[in-house]
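Now for the letters of each chain:
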Amino acid sequence: MLKLNRRTLMTGVATAALATVLTGAPMRAIAEEPVRGGTLSVHMPQEQRTLNPALRASTGVYVIASKIMEPLMDLDEQGALVPMLATSWEGSEDGLTYTFKLREGVKWHDGTPFTSADVQFTAMELWKKYQNYGTALHANLVSVETPDDHTAVFTYSRPMPADLLFGAIPDLGYISPRHIYEGTDILANPANVAPIGTGPFKFDQYERGQYVIAVRNEDYWRAGFPYLDRIIWRFISDKAAAAAALESGQVHMSNYSSLSLADMDRLSKDDRFEVSARGNTRQPFQNTVEFNNRRENLKDVRVRRAIIHALDTDFFIENFLYGNGNRAQGPIPKASDKFFKEGRVDYEYDVDKANALLDEAGFERGGDGTRFELTMHVPPFGEDIPLWATFVQQSLDAVGIKVRILNVDAATYLKEVYGEWNFDLSTGWHIFRADPAISTMVWYRSGSPDGTAFTNQWGWTDPKADEMIDAAASELDTEKRRAMYPDIVDRLNTELPIWMAIDRSFMSTTSEKVRNHHNNPRWPSSHWADVWVVE
Amino acid sequence: MLILQLAVKRLMSSIPTLLILLVGLFLLLQLAPGDTVDALIAQLGGGSAETAEELRRYYGLDGSTMARLLDYLWRLVRLDLGFSAIYDKPVATVIFERLPVTLLLMVLSLSFAFIMGMLLGIISARKVNGWLDTILSLLGMVFYATPAFWLGLMSIVIFSIRLGWLPPGGYYDILAGNTGLAHVWDVTRHMLQPTVTLALIYMAIYLRIMRASMLEVSTLDFVRTARAKGLSRNQIIRHHILRNALLPMITIMGLQAGAILGGSVVIESVFSLPGIGKLAYESVIQRDLNMLLGIVFVSALMVIVVNFVVDLIYAYLDPRITSEKV
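This is a predicted model, so every value here is computed, not measured.

Chemist: Would you mind showing me how to read the interface of chain B and chain A here?
Modeler: When the parts of a complex come together, some accessible area is lost, and that lost area is often taken as the interface size. Facing the 49 residues of chain B at the interface are 48 residues of chain A. For the pair chain B and chain A, the summed buried surface comes to about 4,200 Å²; carbon and sulfur atoms form 58% of the total. Note that aspartate 409 of chain A is salt-bridged to arginine 287 of chain B, the shortest N-O span being 2.6 Å. Inspection of the chain B/chain A interface yields eleven residue pairs in polar contact (both at pLDDT 80 or more).

Below you can see the structure in the form of structure tokens.
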């Protein structure tokens, strides 16, 4: 029965009217009865080594495994925390203990009951020991006490901001079954590629190089869910072939910008598909310009500023990214409404200023108009990265800096840039993970061990910035803490060890046959219990 | 018995080749910057130094190059190809899962290219420099010059998207759960586009070779004798020219068996086929050393076997070869 009251009726009417105005046709999705059964087929661009998000926090893992395993909390439409395996959560005044009340009556897919022992084991043995970002987040986690089967108490040796911990949990808070992992070699456990969880779908099979299948969990704790019978993830590495699979109906959806920019633009004009950043706001990313501050020329902040002034970023976004992106204002993307504040330090496009700064720094043009030469390491993470590198090359040519582009594969990139510091310029993606303290400040804070990927290996240290970053990371007052980051951003933008140039959002391409999709800020990485497909 | 002896002899003589190949590749890959842990961290979008160190230990990357090479060779002696970093399974298992797809693609497209090339070559040679010959040569060259990925994608656009006749990719319909003949038909439908695409590219070579060797053989003395005996043109072609003209074709096929493995990398990616080619590509990108060495090992074995078979066909077509004990 559809319950009607005046408010929902009015909203419904208004939305329908609006939809009619916008599309010229009555919108079908409204008040549509969910269809049970059916199969959702999803494009995956790359094979995954592990399907356990408690060990590996990455979008490639979430796209599959977050339907099978569940975090303590997830996000609702508005981005507020909603209970999943935890029904309530609170921290102590001093930020040293956190208490999670757990859901009762939840069973693992093999029938064993889910208890606080699973949370305790996952936190201590998986997150703290192995999970990328989890090891840093829980570095000061001393113990997890389990006073009863449905209570887990986390104790930290140093204050942990509630905002940071709770904010991280939807991504880093997936729970693994203790009875499967205990006493085994955790990294080699077969459940890593045949995950056992509590989620709406059960793992069925993983045919390497072809597909992963998960089927409906009949015993799911949310009665009546999921709607789908089955989800198939198909591995299609060729981007053009993936677009063809969508068009021919072989797959319904492609997430995390896995199609070519041209195909996404083309399909966005096709009524059969929705191409949008909707449901992707939690995981924004940025195109970077990274400097090796050890180099004689790049050591000078005026040179670094000149390089950024020489880039017409807006032009690049409009003409190369089909307008999908915004000029960034520092390492915190605009999509992060909690921590972003309109920047006060900016580097507008100004070739004259760039030339003046370079002259002032003492790098006069030589006889052939060249000031100096630089190399630029370019990884293959996305199609936009080589485009951006070429754009930087052309732009810097105009101010007398010759750039030699080195297109390298991912392993080479990590080794050369982060491992060996054997680069002048480099570019890539900075992926923002919900809170600047998780994955962003490590790009600037000094003290990361040599060679650690996606951390400050730029040959630049600033005690003042370190101090500000540390203060924000341990500030317990949520409002105060959030207000500290814009100041840090200002400091970093002024000193400019590296520059985050473009705010981007991942795009999903979804067939109109899929309903009720992209309804939370991390949707491709969430549970999909409420999605259905009409044929 | 003679064949068996020959086979064993051939295999023994290829052991040094295999060894040089594997040791060379192992050392070459050491020169490639970055290892499988770097590739994994890049895929994850980052990880702490402790995570990386833990993973290097897990993947056995913490020893010296020499120690790892010796370890690898010792395992090879025991026919153990090791464990794959990307697939978390023994290398041999993964390769044997993937091998049928590539073998099927290879055998089908080579046969198709060979037969079509032979037939069209004969037609061309019969009407040499006529309009049909010109058109066939031209078409052959067009396909030969077209990049495989483009040909494959265009085929997908026409036959899968526009016409909707054939599936755009994959090896079989995952959901249908077909068995028996239905499964065979399903796989055939999926393999049709990749096979024809790959075959069209290699067909041009066979066409040219067949045409040239037909023309060459037909000027030889024994053909003139046959003609003088009063045999019809078709009889001469069937009984006297064809068998002799096929020899260079067989040689080319032996040589191409190796090359087509390379060509299948592109075709397998475009049509999302779970074959060895795609596996090799993925292994390079992810620096899965064991997997890559395993693929090279198996591919080399395959090329050796194919060339052995080619030798046997040679002996059948031209009995002089066996009598000379080559």
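Don't stop here, the text continues.
Chemist: Would you take a moment to explain the packing of helix H7 (residues 239-247) of chain A against helix H8 (residues 261-268) of chain A for this structure?
Modeler: When two helices pack together, their arrangement is captured by the angle between the axes and the distance separating the axes. All names here are of chain A. Viewed as axis vectors pointing N to C, H7 and H8 meet at an angle of 20°, and their least axial separation amounts to 10 Å. Judged on the interaxial angle alone, H8 and H7 are roughly parallel. Here H7 runs over H8; the crossing is right-handed. Between H7 and H8, the residues in contact are Lys239, Ala240, Ala243, Leu246 and Glu247 and Asp263, Arg266 and Leu267, respectively. Grouping the amino acids of the contact of H7 with H8 by side-chain chemistry returns four nonpolar, no polar and four charged.

Chemist: What is the right way to read the packing of helix H10 (residues 313-320) of chain A against helix H12 (residues 384-397) of chain A from this model?
Modeler: Residue and element names in this part refer to chain A. Orientation of H10 relative to H12, taken along the N-to-C sense of each, is 140°, at an axis distance of 11 Å. Between H10 and H12, the interaxial angle falls into the category oblique. H10 and H12 meet at a crossing whose hand is right-handed. Counting all contacts with H10, which are made through Thr313, Phe315, Phe316 and Phe320, the residues of H12 involved are Asp384, Leu387, Trp388 and Phe391. Along the lines of polarity and charge, the residues of the contact of H10 with H12 split into six nonpolar, one polar and one charged.

Chemist: Looking at this structure, how should I read unusual backbone geometry?
Modeler: Trans peptide bonds make up most of the peptide bonds, and negative phi angles are found at most residues other than glycine. Residue and element names in this part refer to chain A. That bond from phenylalanine 225 to proline 226 is cis: its omega, -5°, falls within 30 degrees of zero. Checked against the element boundaries, proline 226 lands in the loop between strand E9 (211-216) and strand E10 (230-235). Despite not being glycine, tyrosine 133 has its phi angle at roughly 75°, a positive value. Topologically, tyrosine 133 is positioned in the loop between helix H3 (116-127) and helix H4 (134-137). Here histidine 518, not a glycine, exhibits a phi torsion of approximately 50°, which is positive. Mapped onto the secondary structure, histidine 518 falls in the loop between strand E21 (514-515) and strand E22 (532-533).

Chemist: Looking at this structure, how should I read the nonpolar core?
Modeler: Here is a general trend for soluble globular proteins: nonpolar side chains tend to be buried in one another's company. With 155 residues, the main nonpolar core has Leu72, Phe100, Phe154, Trp233 and Ile307 of chain A as its most contacted residues. When sequence neighbours within four positions are dropped, the list of residues in contact with leucine 72 of chain A reads Pro83, Met84, Leu85, Ala86, Phe100, Leu102, Val119, Trp127, Ile169, Gly173 and Ile175 of chain A. Of all hydrophobic cores here, the second largest spans 53 residues; its members include Ile122, Ala148, Tyr206 and Met210 of chain B.

Chemist: How do you make sense of the confidence of the model for chain B when you look at a structure like this?
Modeler: It should be kept in mind that the predicted coordinates are not to be read in detail where pLDDT is low. Of the residues in chain B, 98% have a pLDDT of 70 or more, and the chain-wide mean is 84. Complex prediction metrics read pTM 0.85 and ipTM 0.80.

Chemist: Can you walk me through the layout of surface pockets in this structure?
Modeler: The probe, sized like a water molecule, is rolled over the atoms to show the empty space still left. What the largest pocket holds in volume is close to 1,500 Å³. Residue lining of the largest pocket: 50 residues in total, with Pro45, Gln46, Pro380, Phe381 and Gly382 of chain A positioned closest to the centre. Sorting the residues of the lining of the largest pocket by element identifies strand E1 (39-44), helix H2 (59-65), H7 and strand E18 (429-431) of chain A together with helix H2 (36-44), helix H10 (233-270) and helix H11 (276-285) of chain B as the ones contributing at least two each. In terms of residue class, the lining of the largest pocket is built from 25 nonpolar, 18 polar and seven charged. Taken domain by domain, the makeup of the lining of the largest pocket includes at least three residues from each of domain 1 (11-90) and domain 2 (97-323) of chain B.

Criteria and thresholds
Residues numbered from 1 in each chain as written. Chains lettered and ligands numbered in written order. Predicted model: local features only at pLDDT ≥ 70, side-chain atom pairs only at ≥ 80, totals over all residues. Heavy atoms only, no water. Contact = heavy atoms within 4.5 Å. Buried area = accessible area lost by both parts, 1.4 Å probe. Salt bridge = Lys/Arg side-chain N within 4 Å of Asp/Glu carboxyl O. Polar contact = N/O pair within 3.5 Å; in protein donor to acceptor, adjacent residues only side chain to side chain. Axes fitted to C-alpha atoms, helices over the stretch in contact; angles between N-to-C directions. Helix = DSSP H or I, 4+ residues; strand = E, 2+ residues; numbered from the N terminus. Parallel < 35°, antiparallel > 145°, perpendicular 65-115°, else oblique. Left-handed = near helix turned anticlockwise from the far one by under 90°. Nonpolar A, V, L, I, M, F, W, Y, C, P; charged D, E, K, R; others polar. Core = buried A, V, L, I, M, F, W, Y, C linked by side-chain atoms within 4.5 Å. Buried < 20%, exposed > 50% of the residue type's maximum accessible area, 1.4 Å probe, protein only. pLDDT = per-residue confidence, 0-100. 1 Å grid on protein atoms, 1.4 Å probe; cavity = no way out; pocket = protein on both sides within 12 Å on 5 of 7 lines; lining within 4 Å. Points joined across faces, edges and corners; volume = space filled by probe spheres on them. Domains from an automatic or database assignment.

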